[in-house]
Amino acid sequence: MIGTQRILAVCPARGGSKGIPLKNLTPFLGIPLVARVGQLVREIPIIDRAVVSTDHSEIAEIAKKFGLDAPFFRPPALSGDRISDAPVLIHALEEMERLDAVRYDIVVMLQPTSPLRRPDHVIHAIEMLVNEQWDAVWTLSETDSKSHPLKQLTLNSDRIDYYDPDGSQIIARQQLTPVYHRNGVAYVMTRNCLLKGRSIMGKRTGALLLDEYLVSIDTMWDLELAEYIHTKTRA
């Protein structure tokens, strides 16, 4: 709880995954990715309740073993790879308010695929939401200039073109306006943002910029890179 506001953390961890089979159970330095979320939540005392939203019994069991509750299973309609985050979080929030008979004012989404997150990242995002009265706060990282949209290309029958025609005017990286990407460390939002706005992005969404190496895991290479970074930076 922060002030009088009760906080629900939700770890979305379905069983299906195309890049890495059962990705959310994949070990990161020997510990399943979903388990690391449970370990992290134990270090964030302001979180009142932390649950996993899954459709997979083994994920639920591992989550419970490491500190996440699993009081419900995600329905099949919310288990496909084309389901966005908002319906999953809305379902979790409504289920937990029904089961706990309480109102949760803030929802924090903690995806298993960001194992380099730290408790202070999450706490800072929650405090920013409350203190600056945002509808939502997302953690972001600055995108490397080599991956800037104006430097991206398309291929059509082996013919190269600019993804954005303005890219043809870029000579030096100093001409590029910085852009940012979601690093997956934390998404924090108010109850109204979810239930009334039906979105994880409110009308006013703030950015918590994290200036460090972070990896969101989609492939085995991502996993190996994240383990390397963790070993090098936190040894």
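This is a predicted model, so every value here is computed, not measured.

S.K.: Teacher, can you tell me more about the overall build of the chain here?
M.R.: In terms of regular secondary structure, the chain is built from six helices and 10 strands. Here the chain has a C-alpha radius of gyration of 19 Å; the compact-globule value for 235 residues is 18 Å, and the two agree. Each of the three principal axes of the chain carries a C-alpha extent, and together these read 60 × 40 × 40 Å. Expressed as a percentage of the 235 residues in the chain, the buried residues total 47%. By element, 50% of the accessible surface of the chain is carried by carbon and sulfur atoms, the whole surface being about 12,600 Å². Across the chain, the mean location of the 27 positive side-chain charges is 2 Å away from that of the 29 negative side-chain charges.

S.K.: Is there a simple way to think about the side chain of S79 in this case?
M.R.: Positionally, S79 belongs in the loop between α2 (57–65) and α3 (85–100). Among the polar contacts made by the side chain of S79, one reaches the main-chain carbonyl oxygen of P75 at a distance of 3.1 Å. If near-sequence neighbours (up to four positions away) are discounted, S79 is found in contact with R14, D55 and R74.

Conventions we followed
Residues numbered from 1 in each chain as written. Predicted model: local features only at pLDDT ≥ 70, side-chain atom pairs only at ≥ 80, totals over all residues. Heavy atoms only, no water. Helix = DSSP H or I, 4+ residues; strand = E, 2+ residues; numbered from the N terminus. Rg over C-alpha atoms; globule rule 2.2 N^0.38 Å. Buried < 20%, exposed > 50% of the residue type's maximum accessible area, 1.4 Å probe, protein only. Areas by Shrake-Rupley, 256 points an atom, 1.4 Å probe, with all protein chains shown as cover. Lys, Arg positive; Asp, Glu negative; His and termini not counted. Charge placed at Lys NZ, Arg CZ, Asp CG, Glu CD. Polar contact = N/O pair within 3.5 Å; in protein donor to acceptor, adjacent residues only side chain to side chain. Contact = heavy atoms within 4.5 Å.

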